[in-house]
Amino acid sequence: MNKDMKNTDKSTIKVTKTDAEWQAELTDEEFHVCRKKGTEHAYTGTLLNNETVGVYHCKCCGSELFTSDSKFNSGCGWPSFDKEIKSGAVVYTEDSSLAMQRIEVTCSNCDSHLGHVFPDGPTETGQRFCINSISMGFSQGQKR
């Protein structure tokens, strides 16, 4: 093992793979949403109604994204959060597709498409992250 890598947090090592490599690891739907900026149908995601304490992480690379403490029911049809787990966990990019002005949210570690963030959240942050369930995994019991 390289001595410089010994104490490195794996989430700080940028993940880059070809489409073929991602397709080999992901289901067709996961690939469509995470790598091609698709969207799962509203109210169909497995994590939408999850109320268990834990940490939500990127489906593609495992980086921590959100905690259960920041999750709330916005009624939008996708899991909603009011803040990322830590500054820099996600990247914000202007998105003018579909004739709308939105802010896309991607994983800062692997560029996986997660969803969008809107400035109309009900908490003190004023943010409403609408995230595709399929773009995340969940680790129960972990709390940051």
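Residues numbered from 1 in each chain as written. Predicted model: local features only at pLDDT ≥ 70, side-chain atom pairs only at ≥ 80, totals over all residues. Heavy atoms only, no water.

1. Concerning the confidence of the model for the chain
Regions with low pLDDT should not have their predicted coordinates read in detail.
Link 1 in the chain: On average, residues of the chain score 89 in pLDDT, and 89% of them are at 70 or above.
Link 2 in the chain: Ignoring residues within four places in sequence, the model shows residues 1–11, a span with pLDDT below 50, making seven contacts including any to other chains. (pLDDT = per-residue confidence, 0-100. Contact = heavy atoms within 4.5 Å.)

2. Overview of the sheet that holds strand β7 (residues 113–118)
Link 1 in the chain: Here we have six strands laid out as an open sheet, ordered β3-β4-β8-β7-β6-β5, and antiparallel in their pairing. The strands lining the two open edges of the sheet, one partner per strand, are β3 (71–72) and β5 (90–95). (Pairing = 2+ DSSP bridges. Helix = DSSP H or I, 4+ residues; strand = E, 2+ residues; numbered from the N terminus.)

3. A closer look at the pattern of salt bridges
Link 1 in the chain: Under the defined criterion, the tally for this structure stands at seven salt bridges.
Link 2 in the chain: With a shortest N-O distance of 3.0 Å, D111 and K14 are connected by a salt bridge. Of the two residues, D111 sits in the loop between β6 (102–107) and β7 while K14 sits in the segment before α1 (19–25), which places them 97 residues apart along the sequence.
Link 3 in the chain: Across the pair E104 and K37 runs a salt bridge whose closest N-O atoms are separated by 2.9 Å. With E104 in strand β6 and K37 in the loop between α2 (28–36) and β1 (54–58), the pair connects residues that are 67 residues apart, well separated along the chain.
Link 4 in the chain: With a relative accessible area of 7%, E104 lands in the buried category. (Salt bridge = Lys/Arg side-chain N within 4 Å of Asp/Glu carboxyl O. Buried < 20%, exposed > 50% of the residue type's maximum accessible area, 1.4 Å probe, protein only.)

4. Topic: the packing of aromatic side chains
Link 1 in the chain: If you walk through the whole model with that rule in mind, you get five aromatic pairs.
Link 2 in the chain: Ring geometry for Y56 versus F81: centroids 5.0 Å apart, planes at 70°, classification edge-to-face. One end of the pair, Y56, is in strand β1; the other, F81, is in strand β4 (residues 80–81), and 25 residues separate them in sequence. For the pair Y56 and F81, a shared accessibility class is recorded, and that class is buried.
Link 3 in the chain: Counting every residue linked through ring pairs, the aromatic cluster contains Y56, F66, F81, Y92, F129 and F138.
Link 4 in the chain: Lying across the ring of W22, K17 places its NZ or CZ 4.8 Å from the centre. (Phe/Tyr/Trp six-rings, centres within 6.5 Å; stacked < 30°, edge-to-face > 60°. Lys NZ or Arg CZ within 6 Å of the ring centre and 35° of its normal.)

5. Some thoughts on the sheet that holds β1
Link 1 in the chain: If you trace the three strands from one edge of the open sheet to the other, you get β2-β1-β9, paired in antiparallel fashion. Of all the strands in the sheet, the pair left with one neighbour each is β2 (64–67) and β9 (136–140). In this sheet, neighbouring strand axes are inclined to one another by 30° on average, regardless of whether the strands run parallel or antiparallel.
Link 2 in the chain: Judged from the three bridges that link them, β1 and β2 form a sheet pairing that is antiparallel. Bridge pairing in β2 links Y56 to F66. (Axes fitted to C-alpha atoms, helices over the stretch in contact; angles between N-to-C directions.)

6. Quick notes on the nonpolar core
Link 1 in the chain: In this structure, L65, F66, F129 and M136 are the most contacted members of the largest nonpolar core, which totals 21 residues.
Link 2 in the chain: Counting residues per element, the ones that place at least two in this core are α2, β1, β2, β6, β7 and β8 (128–131).
Link 3 in the chain: Discounting residues that sit within four places of it in the chain, F66 has contacts with V55, Y56, F81, K83, E84, I85, V90, F129, I131 and M136. (Core = buried A, V, L, I, M, F, W, Y, C linked by side-chain atoms within 4.5 Å.)

7. Examining the side chain of N132
Link 1 in the chain: Inspection of the secondary structure puts N132 in the loop between β8 and β9.
Link 2 in the chain: The buried category is assigned to N132, whose relative accessible area is 3%.
Link 3 in the chain: Each residue touching N132, except ones within four places of it in the same chain, is listed here: V33, G38, T39, E40, W78, H113, L114 and G115.

8. What to know about the pairing of β7
Link 1 in the chain: Counting buried positions along β7 gives five out of six residues, so the element sits mostly inside the fold.
Link 2 in the chain: As paired elements, β6 and β7 share four bridges and run antiparallel to each other. Bridge pairing in β7 places E104 opposite H116.
Link 3 in the chain: Linking two consecutive strands that pair antiparallel, namely β6 and β7, is a turn of five residues; a positive phi of about 65° is found at D111 within it.
Link 4 in the chain: One ladder, built from four bridges, connects β7 with β8; its direction is antiparallel. What sits directly across from F118, in β8, is R128.

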